[in-house]
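# Structural features, examined
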Amino acid sequence: GAGVSQSPSNKVTEKGKDVELRCDPISGHTALYWYRQSLGQGLEFLIYFQGNSAPDKSGLPSDRFSAERTGGSVSTLTIQRTQQEDSAVYLCASSFGQGVSGYTFGSGTRLTVV
Amino acid sequence: GENVEQHPSTLSVQEGDSAVIKCTYSDSASNYFPWYKQELGKRPQLIIDIRSNVGEKKDQRIAVTLNKTAKHFSLHITETQPEDSAVYFCAASIEGNEKLTFGTGTRLTIIP
């Protein structure tokens, strides 16, 4: 596609429920990233996929968070047993990788845990 | 890992004046430094970037300078306009790793 697509754009869930957030990167981009942005805050790194390499999971805040990338394209971020502090905008980005360029971000998923 | 600090956190300037936002980084291996602009409710968008083999880069009213010795880089916006009002993020990446570490952001307000 022309840009990075994320779905859903908004998600309201009850505390304790699991949620899945989806990211469709730009075609041809080998690198995919997930960041979290709490209200009025900066961009917190979560996880990074590059081609077929093992993902860099160093930013995942707890074992309730996981992500996968199937076929080197679409990625899903899963948050299990959601907590109120998980409320944030989850941004996905993609890039060509290998030292080329900056990211292109998606519009994000606004997650609200009630 | 890399640590990026950004100052100021908020900045207000009169329309037509210049704005400067500064960032420092910790890892001397970092070699790519992009700047992102995020308007209210929108996605961050890349506005300019610089690599470690140059000291300055300009694009119309926007310029970025890099001092590798001091490990700091700055965003300069001249002749500011109301549409420049946004949150600006600096970032850095370490050679061989495409993961960007972001600064905490600067909320720039242009006063008409």
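Here, every reference points to the structure presented above.
Residues numbered from 1 in each chain as written. Chains lettered and ligands numbered in written order. Predicted model: local features only at pLDDT ≥ 70, side-chain atom pairs only at ≥ 80, totals over all residues. Heavy atoms only, no water.

## Looking at the overall build of chain A
- For chain A, the helix and strand inventory stands at 0 helices and 10 strands.
- The helix and strand sequence of chain A, counted from the amino end, reads β-β-β-β-β-β-β-β-β-β.
- For chain A, whose C-alpha radius of gyration is 13 Å, the value lies close to the compact-globule estimate of 13 Å for 114 residues.
- In terms of its C-alpha atoms, chain A occupies a principal-axis envelope of roughly 40 × 25 × 25 Å.
- Element-wise, carbon and sulfur atoms account for 45% of the exposed surface of chain A, whose accessible area totals about 5400 Å².
- Across chain A, the 10 positively charged side chains and the 10 negatively charged ones have centroids separated by 2 Å. (Helix = DSSP H or I, 4+ residues; strand = E, 2+ residues; numbered from the N terminus. Rg over C-alpha atoms; globule rule 2.2 N^0.38 Å. Areas by Shrake-Rupley, 256 points an atom, 1.4 Å probe, with all protein chains shown as cover. Lys, Arg positive; Asp, Glu negative; His and termini not counted. Charge placed at Lys NZ, Arg CZ, Asp CG, Glu CD.)

## Considerations on the interface of chain B and chain A
- Taken together, the contacts link 14 residues of chain B with 23 residues of chain A.
- Here chain B packs against chain A, burying approximately 1500 Å² in sum over the two surfaces, 51% of which is carbon and sulfur.
- When residues of chain B are sorted by the area they lose upon contact with chain A, Arg43, Glu98 and Lys99 of chain B head the list and together hold 41% of the total.
- Joining chain B to chain A, the criterion identifies 1 salt bridge.
- There are 7 residue pairs in polar contact (both at pLDDT 80 or more) connecting chain B and chain A.
- Elements with a minimum of two residues in the side of chain B that touches chain A: β4 (30–38) and β5 (45–51) of chain B.
- The biggest single contributor to the side of chain B that touches chain A is β4 of chain B, with 3 residues. (Contact = heavy atoms within 4.5 Å. Buried area = accessible area lost by both parts, 1.4 Å probe. Salt bridge = Lys/Arg side-chain N within 4 Å of Asp/Glu carboxyl O. Polar contact = N/O pair within 3.5 Å; in protein donor to acceptor, adjacent residues only side chain to side chain.)

## Observations regarding the sheet that holds strand β1 (residues 5–7) of chain A
Residues and elements named next belong to chain A.
- Taken in spatial order, the 4 strands line up as β1-β3-β7-β6 in an open sheet, and their pairing is antiparallel. The open sheet has two free edges, formed respectively by β1 and β6 (65–69), since each of these has just one partner strand. Strand-to-strand, the axes of this sheet are offset by a mean angle of 15°, without reference to chain direction.
- Examined bridge by bridge, β1 and strand β3 (residues 19–24) share 3 bridges and lie antiparallel to one another. Considered in β3, the bridge of Ser5 is made with Asp24. (Pairing = 2+ DSSP bridges. Axes fitted to C-alpha atoms, helices over the stretch in contact; angles between N-to-C directions.)

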